Amino acid sequence: MTESTLLSWIVFTPLLGIPVILALPKEKKQLIRYVAAITCAIPLLLGVYLYLIFDPSNTGIQLAHHFVWIRSFHIEYYLGVDGLSILMILLTVLISFIACIASFGIEKYLRGYFALFLLLETGMLGTFCALDFFLFYVFWEVMLLPMYFLIGIWGGPRKEYAAIKFFLYTLFGSLLMLLAIIALYFNSNPATLVDGTPVPHTFNMIKLITENDFANAPALLGFAFSKIVFIALFIGFAIKVPIVPFHTWLPDAHVEAPTPISVILAGVLLKMGGYGILRVNFGILPEATVWFAPAMALIGGVSIVYAAFVCLAQKDLKKLIAYSSVSHMGFVLLGIASFTEQGITGGVFQMWTHGLISPMLFLLAGVIYDRAHHREIEGFGGLAYRMPEYTGAIGLAFMASLGLPGLCGFISEVLVFLGAFPVFRTLTIISAMAVIITAAYYLWTIQRMFLGKLNEKYKDLPDLTWRERFTLYPLGALIVLLGIYPAPAMSLITDKLMNILQMFHG
Amino acid sequence: MAIPLHHLLILGGLLFCIGLVGVLLKRNLIVMFLCIELMLNAANLTFIAFARQLSQMDGQVIVFFVMVLAAAEAAVGLALVIALYRTRQTMDADDLNLMKL
Amino acid sequence: MSDISFSAILPELILCIFGILVMVLGPFLGRNSRSFGGTLALLGFATSIVGALLVPESAGKLFFNGMVTTDAFSIFFRVLFAAIGVVMTLGSLNYLHRLKLPTFEYFALLLFASAGMNFMVLSTDLLLTFIGLEILSIATYVLAGIRRDDAASNESAIKYFFMGSFSSAILLYGVALIYGSAHSTSYQAILKHAAAVNGQQQIPLLFLIGFGLIIVGFCFKVAVVPFQVWAPDVYEGAPTPITGFLSVASKMAGFAALIRILFQVLPHDLPQWVQLLVVSSILTMWIGNLSALTQTNIKRMLAYSSIAHAGYILIGIVAANQTGITAILYYAVAYALMNLGAFTIITILSGRDDRRVTLEDYKGIGFQYPQLSFPLTICLISLAGIPTTAGFIGKFFLFSAAVEEKMYLLAVLAVLAALVSVYYYLRVVVYMFMFEPDGKREVRIHPAAGVVVLVCCLLIFWFGLFPTWLLEVSRQAVILFLHP
C-alpha cells in the first residue's frame, strides 16, 4: 500500500470483507460479527493514519489516486482528499465502526446484514473521496440500495413503506443530479485526461471548479443554465440533508430502521447533502450560489424553526430525535449560506458535531427500545433512579444537542450565528429563538422519561451493558473533547474554507 | 387497351383500406384473417402495377415471394385458430379475454 | 454472378442447417432422447457465433446482388442473436421437460427464428428485410402457442399472430409504395432516390406514405406507443421462456432493422419523423411504466417494462448522434442480459404448469432461495438503472445523447419515467425479501439454467463497471451510420 492507493484501500476494504462473511457458515453468528467488526476497524485505523499524514496547510487535493476508467466517455477513477472531505471520511469510518458494534444485537439473516452494511460503508467513503463527477454519482447511488434493504428487511413494522419512501425520495433527487451532471459535462471546456489525452469535455470535478465558468453557458429550457443546474443539484443534495419540505422520508426511515442503521443515517448520510452542496454547488457554480444564498438561508431557517416545533409534539423518542436532526441540519445551510468565515466554518463543524451527537442519541433510543420494546416518551417515568448511567449519557447527548457551552454543539451553533448574523439579521434571530424550543423539548423529554414517578412496569430495567458502553463512551468523550478543544478539527477546515471563500470575495 | 397506372393504384389502396378496416371491425377470426390476406394482396396488386409500368421483373418476383409467405402465414394462422377452437370452442375475437387488460 | 458469397451468410446457413437437422432427426429419435434436440440447438447457436465472427467484415461491399451486407453492425447483431439463442436453449431445457413440450419443434423454430432475425439485420433490401421479418414472425407465432392445450398460450399466439400479420401487411404495402416511388427495393437505390427528391420543394406523397407505413409496421413489431396494445396480453400468455425471447430478441431485431432503415435509407432532414418519434418515445416510456405499476403478474409487469425500455431506446434513435446510436447497441446487450436473466429465473420459479408468476408467489422466497432471489434482484435493479449495473450505463448514455442534442425536456421526462419504474421493480424485491413466505415449495434449478443466470449476473456487473470494451465495439458497429 502506497500513499497514492491509501484512499482506495480505505474505500474498498469493507468490500473485501463481504466475500469472507458470505463464505462463513450461517450458524457461526459470533464469528460473523467479529469478522464484520474487524473489517470496519481496518478503515478506521487507516483513517487515523490518513489524518496523521494529511497536511492541513496544503489546500489542494492530496493523496490522489487517479487513472482513466471509461475512456470512451472520458470518465476517470479519481479519488483524493482535502480538508473538507477528510473530516467526513474520519466521521464515516468512526460512525461505521460504532454502528457495526451496535449491530451485534441483530439476529436475523446475519450474513446478509453485514454484507449490505459493508457495501454501504464503501459507498459512503467513496462518495466523500470521489473527485470525478461520474464516479461520485456511482458511489452516491451505491449506498442507496444497501440502505433500502437494511431498512426494508431488518426494520420495524412499517419497514416496506419507509424503505421505498426513502429510496424514491433519494432517487428522485439523484436523478435530477444525474441530469445536471450530464448538462455540466456537455457544457464544460476541453480538458486533458490524467494520461495526457485531450478530450472535448470532462467529468473531473477539480477541472469543473477551476477551469470552467458556467455563468455564460447557453440557456436551458428558457432558464439561465447555471441557475437551473444549481437548483437541480441543490434539490438532489437537499433531499439528503434533508430540508423542509423534502424531509418527510427521514422520520419514517428513522423510526422503522434498526438502531445501527439510524446511526449511520443520521451520522453520515445526512452529511452527504451538506458535503455535496459545499463541494459541488459552491465549487462549480459560485455565481448561482450567490444568487441562491438568501433562499438557502431561508430554507435553513425554516427547517430549524419548523422542525423544532414539530419536535415538541412528538410522542416517539426516535421520531423526536429524527426531527431534531432536521432542525440541526438547518444550521448547516444557514451557516454556509452566509459566506462568512465563521458561518461556513460553523456549518461544516455543525455537520461534524451533529455527526457525533445524533448517532449517540439514536444509540440511546435503541438502548431503551431493546429493553422496553417501545419508545413512547409518555410511557416511561422516573428511569433516572433505575438507570443512572443511561440517564447521564442521554443527558449529556441532549445537552450537547441543544448547545450547552462546553460541549461541541455549542461551538458550531455559535459560529453559525456569528457568521450569519451580519448577513441575515432577522432570520438569525428567529433561528436563535428556536434553540430555546430545542431546550424546551429536550428538557421536557428528560422530565417525562427520567424524572417523576417510576413506572412500575420498568422497575427492573438493567442499566447499560458493556457493548453499549463501548459504543456510547467514545462518542461522549469526543463530544466533550471537541467542546473544550475544537482545534484539531478546526485546523482541517479553516484553510480549505478560505479557498472556497476566496471564490466569492476575490 | 392498357389500364392506367393510377386506376390500379387506387384499386390497390381501396382493397388495402377495406382489409384494414375489416381487421379492426370484424370479430370473427376467420374473417379477420381474410381481411389480412386482402391487405397482402392489395400490396401485391400495387407491386405488379408498378412493375408493369416500369417494365421490370422485380415487382413480379416480389409478388411470388409474398404469395409464398402468405401461404406459410395462412398455414400457421389457421392451425392456431384450430388449436384455439379446440380449447375454447370459439371463433370470436371478443372472447379472447383470458388476460385482463 | 460474382457477388454470391456464401461466407457472407455463413451464420444463417449454419442456423438453417441445424434447424432442419433438428426437425428431421426429431421424429426418428423419438421422445426418449429429449436432450438431443437441445444439444443440437446449442451446437448450432455456438457454431453460428463462430460463423458470425468468421464473416469477412466489409462495410462497402454488398453481396447477392446488393441484398446482403457484412458490415460491423450486422455482425454485432448476428453474434448477439446467436448468443441469445445459446441462453434461450440452456434456459428452457428444463422448462420443456417439466411441461412435457415437444423439444425438437421448439428448438428448430428457435433456430429458424434466429436465422430470420439475422436476415433482418444483414439485409440491404426491403424485400429481404421483409422476408427475414416473416421468418422470425411465423416461427414465433408457433412458439408462443407451443403449449397447444393451454388456453392462455393459445390466446397469446392468436393475438400475436393477428397483430403480427396485420403489421406485416401494413409494412408490405409501404414497401410496395416505396418500390413504386424509387423503382427498386434496394436500400442503395432508395437512398439515391431520396437524395434526389430531397432537393425538391415537395417530397412525393407516395414516398412519404410508403415510409410512414414501413415505420408503423416496425413500431408494431417493437411495440412502441401507440402500437403497443398487443404486447402485454401476448407476453403474459406465452410460455415464459418465449416471453423472454419476444421481449428481447425479436424486439432488438426490429430495432436493428429500423435503425438501418432510418439512418441508411431515410434522408436525414425529415424532421417530421423525428418529432413524431420524440412524442412516441415519451408516451412509450410513460405508458409502459405507469401501466406496469399496478400489475400483479410478473410476466405482465415485465411486458410493460419492456414497452418502457423500447421508449428509452427510441431516445437514442431520435438523438441520432454517435452517443445515441452507440448507446442503443450497448443497451441491446445490457437489456438482453438483464431481461433474459430475469426471465430465466422466472421460468425456474414458474412451477409445474407455468402459473406461479404472480407477486403473491414470490412472497418470502428471498431467503428461501437466495440462489434465485439474489440474481433476480440484480437483474431487476439493472432494469431499474441503478449504478454499477449495465442497465445504468446504458441509460446514462441514452440520456446523455438527448442532453447532447439539447433535448432537455425529453431527458427530464425520461429520467422521471425511470424513477417511476424503480417502484415496480423494487416491489418484486419487497415481496421477495420483506414478506414472510407462505410455506415451502419445490424448486429445482437445472444446472444449465443456473449457469445462464450466473453468467448474466456477472456480465451485468462486468459491463456496468468496465463498459469500455463493449462501448468501443458498439461504436465500431455504428460508424457507418454516422458518416454517410
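Residues numbered from 1 in each chain as written. Chains lettered and ligands numbered in written order. Predicted model: local features only at pLDDT ≥ 70, side-chain atom pairs only at ≥ 80, totals over all residues.

A. Looking closely at the overall build of chain A. On a plain count of helices and strands, chain A comes out with 20 helices and 4 strands. Relative to the compact-globule value of 23 Å for 506 residues, chain A shows a C-alpha radius of gyration of 22 Å, a close match. Principal-axis analysis of the C-alpha atoms gives chain A an extent of 75 × 60 × 40 Å. Split into buried and exposed, the 506 residues of chain A put 58% on the buried side. A separation of at least 24 residues holds for 78% of the contacts in chain A among residues at least 6 apart in sequence. (Helix = DSSP H or I, 4+ residues; strand = E, 2+ residues; numbered from the N terminus. Rg over C-alpha atoms; globule rule 2.2 N^0.38 Å. Buried ≥ 20, exposed ≤ 12 C-beta atoms within 10 Å, placed from the backbone. Contact = placed C-beta atoms within 7 Å.)

B. Just the overall build of chain C, in detail. Of regular secondary structure, chain C possesses 19 helices and 2 strands. For 484 residues, the compact-globule estimate of 2.2 N^0.38 gives 23 Å, and chain C sits close to it at 21 Å. In terms of overall dimensions, chain C has a C-alpha envelope of 70 × 55 × 40 Å along the principal axes. A buried classification covers 65% of the 484 residues belonging to chain C. Once local pairs closer than 6 in sequence are excluded, the contacts in chain C between residues at least 24 apart make up 80%.

C. Broad picture of the nonpolar core. Ranked by internal contacts, the top residues of the largest apolar core, which has 426 residues, are Leu87, Ile89 and Leu179 of chain A together with Tyr173 and Ala414 of chain C. For Leu87 of chain A, the contacting residues outside a window of four places in its chain are Val348, Trp352, Ala489, Leu492 and Ile493 of chain A. (Core = buried A, V, L, I, M, F, W, Y, C linked by C-beta atoms within 7 Å.)

D. Summary view of the interface of chain C and chain B. Taken together, the 33 residues of chain C in the interface contact 32 residues of chain B. In the side of chain C that touches chain B, the residues fall into 18 nonpolar, 8 polar and 7 charged. (Nonpolar A, V, L, I, M, F, W, Y, C, P; charged D, E, K, R; others polar.)

E. Inspection of the pairing of strand S2 (residues 75-81) of chain A at higher detail. All names here are of chain A. Among the 7 residues that make up S2, 6 are buried, leaving the element largely enclosed by the rest of the structure. Looking at chain direction, strand S1 (residues 62-70) and S2 are connected through 6 bridges and run antiparallel. When the bridges of S2 are listed, Val68 appears paired with Glu76. Count of turn residues in the S1/S2 antiparallel hairpin: 4 residues, of which His74 carries a positive phi of about 60°. (Pairing = 2+ DSSP bridges.)

F. Structural view of the arrangement of the chains. Contacts between protein chains span 2 pairs of chains, and they are most numerous for chains B and C. With respect to C-alpha atoms, chain A approaches chain B no nearer than 27 Å, and the pair has no contact.

G. Focus on the interface of chain C and chain A. Across the boundary between the two partners, chain C contributes 27 residues, which contact 27 residues of chain A. Across the side of chain C that touches chain A, the residue classes break down as 21 nonpolar, 3 polar and 3 charged.

H. Seen up close, the environment of Gly174 of chain C. Residues and elements named next belong to chain C. Note that Gly174 resides in helix H6 (residues 151-182). Sequence separation between Gly174 and Ala303 is 129 residues; the distance between their C-alpha atoms is 28 Å. Ignoring any residue separated from it by four or fewer positions in sequence, one finds Gly174 in contact with Gly210, Phe211, Leu213, Ile214 and Gly217.

I. Up close: the packing of helix H8 (residues 205-222) of chain C against helix H10 (residues 240-265) of chain C. Residue and element names in this part refer to chain C. H10 packs onto H8 with a crossing angle of 155° between their chain directions and a minimal axis gap of 8 Å. The orientation of H8 relative to H10 falls into the category roughly antiparallel. As for how H8 packs across H10, the hand of that crossing is left-handed. Residues Ile214, Phe218, Lys221 and Val222 of H8 pack against Lys251, Gly254, Phe255, Ala257, Leu258 and Ile261 of H10. Residues belonging to the contact of H8 with H10 are distributed by class as follows: 7 nonpolar, 1 polar and 2 charged. (Axes fitted to C-alpha atoms, helices over the stretch in contact; angles between N-to-C directions. Parallel < 35°, antiparallel > 145°, perpendicular 65-115°, else oblique. Left-handed = near helix turned anticlockwise from the far one by under 90°.)

J. Spatial organisation of the packing of helix H17 (residues 408-420) of chain A against helix H19 (residues 466-484) of chain A. Residue and element names in this part refer to chain A. The geometry of H17 relative to H19 is characterised by a closest axis approach of 6 Å and an angle of 45° between their N-to-C directions. Classed by the angle they form, the pair H17 and H19 counts as oblique. Contact residues: H17 offers Cys408, Phe410 and Ile411, while H19 offers Ile479, Leu482 and Gly483. Residues of the contact of H17 with H19, tallied by class, amount to 5 nonpolar, 1 polar and no charged.

K. Spatial organisation of unusual backbone geometry. Backbone torsion omega between Val241 of chain A and Pro242 of chain A reads -10°, so that peptide bond is classified as cis. By secondary structure assignment, the location of Pro242 of chain A is in the loop between helix H9 (225-240) and helix H10 (249-256). A cis amide bond links Val244 of chain A to the next residue, Pro245 of chain A, at an omega of 10°. In this fold, Pro245 of chain A is placed in the loop between H9 and H10. Look at Ala223 of chain C: it is not a glycine, yet its phi comes out positive at around 60°. Under the C-beta neighbour-count criterion, Ala223 of chain C is labelled buried, with 29 such atoms within 10 Å.

L. Structural detail: the environment of Arg425 of chain A. On the secondary structure map, Arg425 of chain A appears in helix H18 (residues 425-450). Once the C-alpha coordinates of Arg425 of chain A and Pro359 of chain A are considered, the two residues, 66 residues apart in sequence, prove to be 32 Å apart.

M. Helix H2 (residues 34-54) of chain C, seen in detail. All names here are of chain C. The end-to-end C-alpha distance of H2 is 31 Å, a good match for the 30 Å that 21 residues give at a rise of 1.5 Å each. Turning to H2, its buried residues are Gly37, Gly38, Leu40, Ala41, Leu42, Gly44, Phe45, Ser48, Gly51 and Ala52. On its buried face, H2 sits against helix H1 (10-29), helix H3 (72-99) and helix H4 (103-122). (Expected span 1.5 Å × (residues − 1).)

N. How the structure looks around the environment of Leu206 of chain C. Residue and element names in this part refer to chain C. Along the chain, Leu206 falls in helix H8. Remark: the alpha-carbon pair of Leu206 and Arg260, spanning 54 residues in sequence, is separated by 21 Å. Among residues more than four places away in sequence, those in contact with Leu206 are Leu177, Gly180 and Ser181.

O. Looking closely at the confidence of the model for chain A. Summing up the model confidence of chain A, the mean pLDDT is 90 and the portion of residues at 70 or higher is 98%. Averaged pLDDT values for the elements of chain A fall to 72 in helix H20 (residues 487-505) of chain A and rise to 95 in helix H4 (residues 110-129) of chain A. (pLDDT = per-residue confidence, 0-100.)

P. Layout of the confidence of the model for chain C. Averaged over every residue, the pLDDT of chain C is 91; residues scoring 70 or more account for 97%. Reported confidences for the modelled complex are a pTM of 0.93 and an ipTM of 0.96.

Q. Representation of H17 of chain A. Residue and element names in this part refer to chain A. With 13 residues, H17 should reach 18 Å at 1.5 Å per residue; the first-to-last C-alpha distance of 19 Å fits that figure. Burial runs high along H17: 10 of the 13 residues are buried. Where H17 is concerned, the buried positions are Cys408, Gly409, Ile411, Ser412, Glu413, Leu415, Val416, Phe417, Gly419 and Ala420. Of the surrounding elements, those touching the buried residues of H17 are helix H12 (286-312), helix H13 (317-337), helix H14 (341-372), helix H16 (388-402), H18 and H19.

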